[in-house]
Amino acid sequence: MYTPVRDIFARLLMAACLLAATAYAARAEETTFRTYKDSSGFSCEFPSDWSFDQAKNSDRIFTNANIRDATIIVQVIDREVATEETATAQLEVLKVQLLQAKDGRILNEGTAPVADQQAPYLIASYTTADTGGELRRCRHIQMVVTAPRVFLLMSYSAPEGTFDEHMRVFQNCSATLKLEAAETPAPPAAEQRHAPLSGRAT
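Residues numbered from 1 in each chain as written. Predicted model: local features only at pLDDT ≥ 70, side-chain atom pairs only at ≥ 80, totals over all residues. Heavy atoms only, no water.

Draft legend 1. Representation of the pairing of strand E7 (residues 71–78). A large share of E7 lies buried, amounting to seven of its eight residues. Inspection of the sheet shows strand E6 (residues 60–63) paired to E7 by four bridges, in the antiparallel sense. In the sheet register, Arg-60 faces E7, and the bridge partner there is Val-74. Here eight bridges tie E7 to strand E11 (residues 150–159), and the two strands are oriented antiparallel to one another. Note on E11: the bridge partner recorded for Val-76 is Leu-152. (Buried < 20%, exposed > 50% of the residue type's maximum accessible area, 1.4 Å probe, protein only. Helix = DSSP H or I, 4+ residues; strand = E, 2+ residues; numbered from the N terminus. Pairing = 2+ DSSP bridges.)

Listed below in structure tokens is the structure:
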């Protein structure tokens, strides 16, 4: 059965086509992108009006001050110490967590062509408190990408009313994701953990 959610991710499955574009139209204005390069060996592009912050638990968090509660997070998991040894197994752990959230439901699952691989993903919905403390229904896309030394747990979440509108930012991030070869020693191993759900996303 056709659903809006499937339509959303159908656009993500065509993310490779976005590589031919250097900008997209947002509110009839040209958007400028900048490249974020991470020390763990990956890079991707974000609109210039999105900002980056690294949380105390080392999550890479991307937000736009003008877009309430829309968040992209990249968790970096060292493969040498990871409890789950495949991207699919990593996603299963996250799936359980999403189902345990208030009103948690899995809406869609599959794989998408990202960084020269078929990365497993799922789309979920749940109810959580937003940054203002109000309970809201949110949608959440979670993808796991396998890099030479790490797993990248990439997610985008936003309230249901704005999820579709800003999905393009996650699409572009996925479409421009580049992984560096493992030519240097891996960083010191850290214990694997999956961040809990919050109003900002996981």
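Draft legend 2. Spatial organisation of the state of the cysteines. A full pass over the atoms with the stated rule returns zero disulfides. Between Cys-44, a cysteine without a disulfide, and Cys-173, which holds the nearest cysteine sulfur, the sulfur-to-sulfur distance is 3.7 Å. (Disulfide = S-S within 2.5 Å.)

Draft legend 3. Representation of unusual backbone geometry within the structure. Even without a glycine there, the phi angle at Asp-103 is positive, about 60°. Structurally, the position occupied by Asp-103 is in the loop between helix H3 (87–100) and strand E8 (105–114). A positive phi is found at Asp-116, a non-glycine position, where the angle reads about 60°. Position of Asp-116 among the secondary structure elements: in the loop between E8 and strand E9 (117–129). Among the residues examined, Asp-116 registers a relative accessible area of 86% and is labelled exposed.

Draft legend 4. Main features of the environment of Gly-110. Along the polypeptide, Gly-110 turns up in strand E8. Spatially, the C-alpha atom of Gly-110 lies 9.7 Å from that of Met-143, the residues being 33 residues apart in sequence. Setting aside anything within four residues of it in sequence, one finds Gly-110 in contact with Ala-119, Pro-120 and Tyr-121. (Contact = heavy atoms within 4.5 Å.)

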